[in-house]
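Reading the structure
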Amino acid sequence: RGRIVLDGPSHVPQRIRVVRDAGREGRAEEVAYDYPLPEDPHGEWNNPGSIGFVHQIEEVGRAVREGRVECESYTWEDSLEVARIIDGILGQVRGGKKERLTREEDGDWLEGQRAGSS
């Protein structure tokens, strides 16, 4: 048992800590892994590490120019899957079962969204 801690800022964590609980003694073993940011060829940003979003911005721009309503590299289904994972985590953290849509219900909603955008 233990936990993984991502040290902020959340959009570009540069350190990950793995903390393993040692049992009833109350002590924990911690190992840290550092991932420094590379040099940014674009200069300085308002939010350090924002260069990580450039590929997403470019992909969305391509989709908009081509008249698409979703990106091939990250679809609506991908977004829904992340939402399912987060719902599951929240249910565990909050100690209860969170109601969530099934994949079939998600699919019905997704098809309706795609049909409405045509």
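With that settled, the discussion passes to the confidence of the model for the chain. Looking at the chain as a whole, the pLDDT averages 79, with 77% of positions reaching at least 70. Confidence, read as mean pLDDT per element, is least for helix α3 (residues 103-116) in the chain (62) and greatest for strand β3 (residues 28-34) (92).

Quick look at the pattern of salt bridges now. A full pass over the atoms with the stated rule returns nine salt bridges. One salt bridge in this structure joins R3 and D21, with 3.5 Å as the shortest N-O distance. A residue pair is termed long-range when its members are at least 10 positions apart, and R3 in strand β1 (residues 2-7) and D21 in strand β2 (residues 15-21) qualify at 18 residues. Given a relative accessible area of 46%, R3 falls into the partly exposed group. D34 is paired through a salt bridge with R15; the nearest N and O atoms lie 2.6 Å apart. Taken together, the residues D34 in strand β3 and R15 in strand β2 connect sequence positions 19 residues apart. Residue R15 is classed as partly exposed on the basis of its relative accessible area, which comes to 33%. Overlapping salt bridges, with partners in common, bring together D7, R17 and E30 in one network.

Take the side chain of E59 next. Its location among the elements puts E59 in helix α1 (residues 54-65). The residues contacting E59, other than those within four sequence positions of it, are R68, C71, E72 and S73.

Sheets are built from strands paired through backbone hydrogen bonds, the pairs being either parallel or antiparallel. The three strands are arranged β1-β2-β3 in an open sheet whose pairing can be described as antiparallel. Because the sheet does not close on itself, it has two edges, and the strands there are β1 and β3. Sheet twist, expressed as the average angle between the axes of neighbouring strands with direction ignored, equals 15°. Here β2 runs beside β3; their pairing, made up of seven bridges, is antiparallel.

Thresholds, definitions, all that
- Residues numbered from 1 in each chain as written.
- Predicted model: local features only at pLDDT ≥ 70, side-chain atom pairs only at ≥ 80, totals over all residues.
- Heavy atoms only, no water.
- pLDDT = per-residue confidence, 0-100.
- Helix = DSSP H or I, 4+ residues; strand = E, 2+ residues; numbered from the N terminus.
- Salt bridge = Lys/Arg side-chain N within 4 Å of Asp/Glu carboxyl O.
- Buried < 20%, exposed > 50% of the residue type's maximum accessible area, 1.4 Å probe, protein only.
- Contact = heavy atoms within 4.5 Å.
- Pairing = 2+ DSSP bridges.
- Axes fitted to C-alpha atoms, helices over the stretch in contact; angles between N-to-C directions.

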